[in-house]
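Here are the chains, one letter per residue:
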Amino acid sequence: MASREEENLPENKKLARKEKEQGNEAYKKKDFASALAHYNAALGHDPTDITFHNNISAVYFEQKEFQQCIAECEKAVEVGRENRADYKLIAKAFTRIGNAYRKLEDYKSAKTYFEKSLSEHRTPDVKALLSETEKKIKEQERLAYIDPAKADEEKEKGNDFFKKGDYSNAVKHYTEAIARNPDDAKLYSNRAACYTKLAAFDLGLKDCETCCKLDETFIKGWIRKGKILQVMQKSSEAQTAYQKALEIDPKNAEALEGYRACTMAVHSDPKEVWKKAMHDPEVQQILKDPAMRLILEQMQNDPKAVQEHLKNPQVASKIQKLLESGIIQIY
């Protein structure tokens, strides 16, 4: 049947196909100049076939002539539309435009053409290309947003709110500072301090880990990590964090105190912890406060309810004291 169809083709289409076949052979041998000559000859015989434009664009792509590749693909789409070509061939042209733009590192244009390709014909390969391109765009935007000077401005705003006890707003500014300078270890340490005040210990711990990873010699990061782990009643892990701090500065008072406290806690009885805490006048006063007792009752029934109370700096300070004494725990 294929042979009969071939015989019934007009002479110009027969000649075009022969040129295309010769072009394909040259393309396989990477003889791109010869391939281009044959594909152009095929196009001269039959200018209505999208395939010849697609083949020419493939040669330009291999020659790294990406702008010419794009222009040829655009012609392919135009010819294909006019002659009602198979939608898969039009999708192929759009995909090649997308790949050419990727090579030019114009990822937004690449995204547009991969989406156009998928609107013609959905394939897993093009979906994967689109996904990778979107990641590239996000990374470009992230890098373009980095500005250490603006990060310092946001850090100062965060410091001001922290001093006022407005930890929620301090977090917002430290977060913006991190977006502007994501490699500054101190910014994560500052935000971790806010999260600690807001009793968001899991977030604080995550920031401390990032801080210590970025700068292993930044002692505050290790000490802050130790304190958070202490509050979370993870004395053994806290002990390790304090040990790291002491490796940096063996005489650091905070690290020494934390390490000793953790050593005792690892071997202590919970009843002893309670007994010791109850001898602290500040703890006694907090527990006698009817408002605080109500808050603690709410915390027991609904742990999420505490977040609202922590917006009040005085309440946050009292809860912090109870956590440090071991009277209460938040996970």
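Residues numbered from 1 in each chain as written. Predicted model: local features only at pLDDT ≥ 70, side-chain atom pairs only at ≥ 80, totals over all residues. Heavy atoms only, no water.

**Thoughts on the environment of His-38**
Right, so step 1: Checked against the element boundaries, His-38 lands in helix α3 (residues 32-45).
Right, so step 2: Contacts of His-38, omitting those with residues within four sequence positions, involve Glu-19, Gln-22 and Gly-23. (Helix = DSSP H or I, 4+ residues; strand = E, 2+ residues; numbered from the N terminus. Contact = heavy atoms within 4.5 Å.)

**Let's talk about the domain arrangement of the protein**
Right, so step 1: Assigned domains of the protein: these are domain 1 (48-144), domain 2 (148-268) and domain 3 (272-325).
Right, so step 2: The C-alpha centroid of domain 2 is placed 48 Å from the C-alpha centroid of domain 1. (Domains from an automatic or database assignment.)

**A look at the packing of helix α17 (residues 281-288) against helix α20 (residues 313-325)**
Right, so step 1: Where α17 contacts α20, the axes come no closer than 10 Å and their chain directions differ by 125°. Between α17 and α20, the interaxial angle falls into the category oblique. Note on packing geometry: the crossing formed by α17 with α20 is left-handed. Together, Glu-282, Val-283, Ile-286 and Leu-287 of α17 and Lys-318, Lys-321, Leu-322 and Ser-325 of α20 make up the contact between the two elements.
Right, so step 2: The residue makeup of the contact of α17 with α20, split by class, is four nonpolar, one polar and three charged. (Axes fitted to C-alpha atoms, helices over the stretch in contact; angles between N-to-C directions. Parallel < 35°, antiparallel > 145°, perpendicular 65-115°, else oblique. Left-handed = near helix turned anticlockwise from the far one by under 90°. Nonpolar A, V, L, I, M, F, W, Y, C, P; charged D, E, K, R; others polar.)

**Examining the nonpolar core**
Right, so step 1: In terms of nonpolar packing, the biggest core is built from 34 residues, with Phe-201, Ile-319, Leu-322 and Ile-328 touching the most fellow members.
Right, so step 2: Listing elements by their share of this core, those giving two or more residues are α12 (201-214), α13 (219-231), α14 (235-248), α15 (253-266), α17, α18 (290-301) and α20.
Right, so step 3: Per-element tally for this core: the top contributor is α13, with six residues.
Right, so step 4: Mapping this core onto the domain boundaries places at least three of its residues in each of domain 2 (148-268) and domain 3 (272-325).
Right, so step 5: Counting residues in hydrophobic clusters, the runner-up holds 33 residues, among them Phe-66, Phe-114, Val-126 and Leu-130. (Core = buried A, V, L, I, M, F, W, Y, C linked by side-chain atoms within 4.5 Å. Buried < 20%, exposed > 50% of the residue type's maximum accessible area, 1.4 Å probe, protein only.)

**Thoughts on the UniProt feature "repeat: TPR" (unreviewed entry) in the protein**
Right, so step 1: Using the residue numbers shown here, the UniProt feature "repeat: TPR" (unreviewed entry) corresponds to residues 91-124, 151-184 and 219-252.
Right, so step 2: In this annotation, residues 91-124 is assigned 82% helix and 0% strand; the end-to-end C-alpha distance for the span is 13 Å.
Right, so step 3: When the span residues 219-252 is considered, its composition is 79% helix and 0% strand, and the gap between its end C-alpha atoms is 9 Å. (UniProt positions renumbered as here; feature names shortened; annotations may be inferred.)

**Focus on helix α10 (residues 167-180)**
Right, so step 1: An ideal rise of 1.5 Å per residue puts 20 Å on 14 residues; α10 measures up with 20 Å between its terminal C-alpha atoms.
Right, so step 2: Considered for burial, the residues of α10 that qualify are Tyr-167, Ala-170, Val-171, His-173, Tyr-174, Ala-177, Ile-178 and Arg-180.
Right, so step 3: At its buried positions, α10 is contacted by α8 (124-145), α9 (148-164) and α11 (185-197). (Expected span 1.5 Å × (residues − 1).)

**Some details on the environment of Thr-210**
Right, so step 1: Tracing the backbone through its elements, the reader meets Thr-210 in helix α12.
Right, so step 2: Taking relative accessible area as the criterion, Thr-210 reaches 27% and is therefore assigned partly exposed.

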